[in-house]
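# Close look at the chain arrangement
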Amino acid sequence: MSSAAPTNIAGQKHALPSYLNADNLGPWGIYLQQVDRVTPYLGSLARWVETLKRPKRAMIVDVPIELDNGTIAHYEGYRVQHNLSRGPGKGGVRFHQDVTLSEVMALSAWMSVKNAAVNVPYGGAKGGIRVDPRTLSHAELERLTRRYTSEINIIIGPSKDIPAPDVNTNAQVMAWMMDTYSMNSGSTATGVVTGKPISLGGSLGRHEATGRGVFVVGSEAARNIGLEIKGARVAVQGFGNVGAVAAKLFHEAGAKVVAVQDHRVSLYNPAGLDVPAMMEYASHSGTIDGFQAEVISSEQFWQVDCDILIPAALEGQITAKNAPQIQAKLVIEGANGPTTPEADDILRERNILVAPDVIANAGGVTVSYFEWVQDFSSFFWTEEEINDRLVRIMQEAFRAIWQVAQDNKVTLRTAAFIVACSRILQAREMRGLYP
Ligand code: GLU
């Protein structure tokens, strides 16, 4: 990415929120470039496009906790509400040592786009704490989560902003958040977070939903380019909630998962890795490191001979450096923001189809929406109902985006942005400016 602030289509510098470093925009800079690519297709709504280039609200909080050894540690936390035009904020909370404001801003914006792309009635939000949760005990993690929730308490709520799991957060963390918010409000507020345990108003199918959506969108995209899932060779980066479930579903559909990379190691088996055994192994050890398979380097992982590549870890993984080496015909973005705009261009030139994050990984938030609806109505659906509705929404959204891509001769990412940004800005325009 260039070090200068990106220019918009009129060649003007973006007016940046003053709390951003214009010389290093990080992931937010990537998002801004994606907005610039969609602007020419927004027609008269382009008048409102600046709305998308600045978050509505960004909260930075200090999260102090007492560690088990008696010392006090301070962590920096964020909750960013990018856009609330179409409904309450919605998006996960990430615990990771590399979390920055720029990253959380970009992730919140991608949530706005994602929620509009699949047409769930939410705006976009995201939260995070800069912490390596592996360094904390269970009790420390609980104190951290509860203090963070208290700090952002004033801007979240079932009809204001609804957090969910993301990288390194799970149903237990959501249970603590739900309890802390409920204690502060004096009522049991199940709808304040999604991705909760089933016993607290969680939804069947939520845990697998993101990986399932990756599989549904991947299958649709593969069919459109004449690629058979049965026998297809798949490489997956990330073996968490998204990557492992996607790998399992592709494996069950007859694909061969030939390579998997997690935060510790890259494993390879051209005959196909035993995905269920790997999941079992990872559930005990927290990594695939040590699982019986050939170890390859990270560079080799990106060059693996495969048909489908699924980045399902962090942003900025497919870059101008490794994109020329990728062998896949199809990239399905399980992670948020895994491909830089430069890499997008290289993949397009090389005729490699990218199913973008804002549709490919929208299964999670779609079932979050089901969870929220079930909590409001206190009426719970069967797993079959949930999966059927999920598949229908994802297929319809993907097909509509595919059509827009064909009609405008643009990438699926730009097509998804056209559909989503039009919906957001139509809502913005109809609501009008206040006061
Ligand atoms: N963290 C997930 C995402 O990036 C899910 C968000 C949600 O369910 O609100 O889409």
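Here, every reference points to the structure presented above.
This one's a predicted model, so the numbers in the text were calculated from it and none came from an experiment.

## So, the overall build of the chain
Within the chain, the regular secondary structure consists of 13 helices and twelve strands. Relative to the globule expectation of 22 Å for 435 residues, the C-alpha radius of gyration of the chain, 21 Å, shows essentially globular dimensions. Each principal axis of the C-alpha atoms in the chain carries an extent, and together these give about 55 × 55 × 45 Å. A separation threshold of at least 6 residues defines the contact pool for the chain, and within that pool the share at least 24 residues apart is 68%. Of the roughly 17500 Å² of accessible surface on the chain, 50% is carried by carbon and sulfur atoms. Averaging the coordinates of the 40 positive side-chain charges in the chain and doing the same for the 44 negative ones gives two points 7 Å apart.

## As for the layout of surface pockets
By volume, the second largest pocket amounts to about 370 Å³. Looking at the second largest pocket, it is lined by 17 residues, and the ones nearest its centre are Lys-56, Asn-83, Leu-84, Ser-85 and Arg-431. Elements supplying a minimum of two residues to the lining of the second largest pocket: β2 (72–83) and α13 (412–431). If one sorts the elements of the lining of the second largest pocket by residue count, β2 sits on top with three residues. Here the lining of the second largest pocket is built from residues that sort into four nonpolar, seven polar and six charged.

Cut-offs used in this document
Residues numbered from 1 in each chain as written. Predicted model: local features only at pLDDT ≥ 70, side-chain atom pairs only at ≥ 80, totals over all residues. Heavy atoms only, no water. Helix = DSSP H or I, 4+ residues; strand = E, 2+ residues; numbered from the N terminus. Rg over C-alpha atoms; globule rule 2.2 N^0.38 Å. Contact = heavy atoms within 4.5 Å. Areas by Shrake-Rupley, 256 points an atom, 1.4 Å probe, with all protein chains shown as cover. Lys, Arg positive; Asp, Glu negative; His and termini not counted. Charge placed at Lys NZ, Arg CZ, Asp CG, Glu CD. 1 Å grid on protein atoms, 1.4 Å probe; cavity = no way out; pocket = protein on both sides within 12 Å on 5 of 7 lines; lining within 4 Å. Points joined across faces, edges and corners; volume = space filled by probe spheres on them. Nonpolar A, V, L, I, M, F, W, Y, C, P; charged D, E, K, R; others polar.

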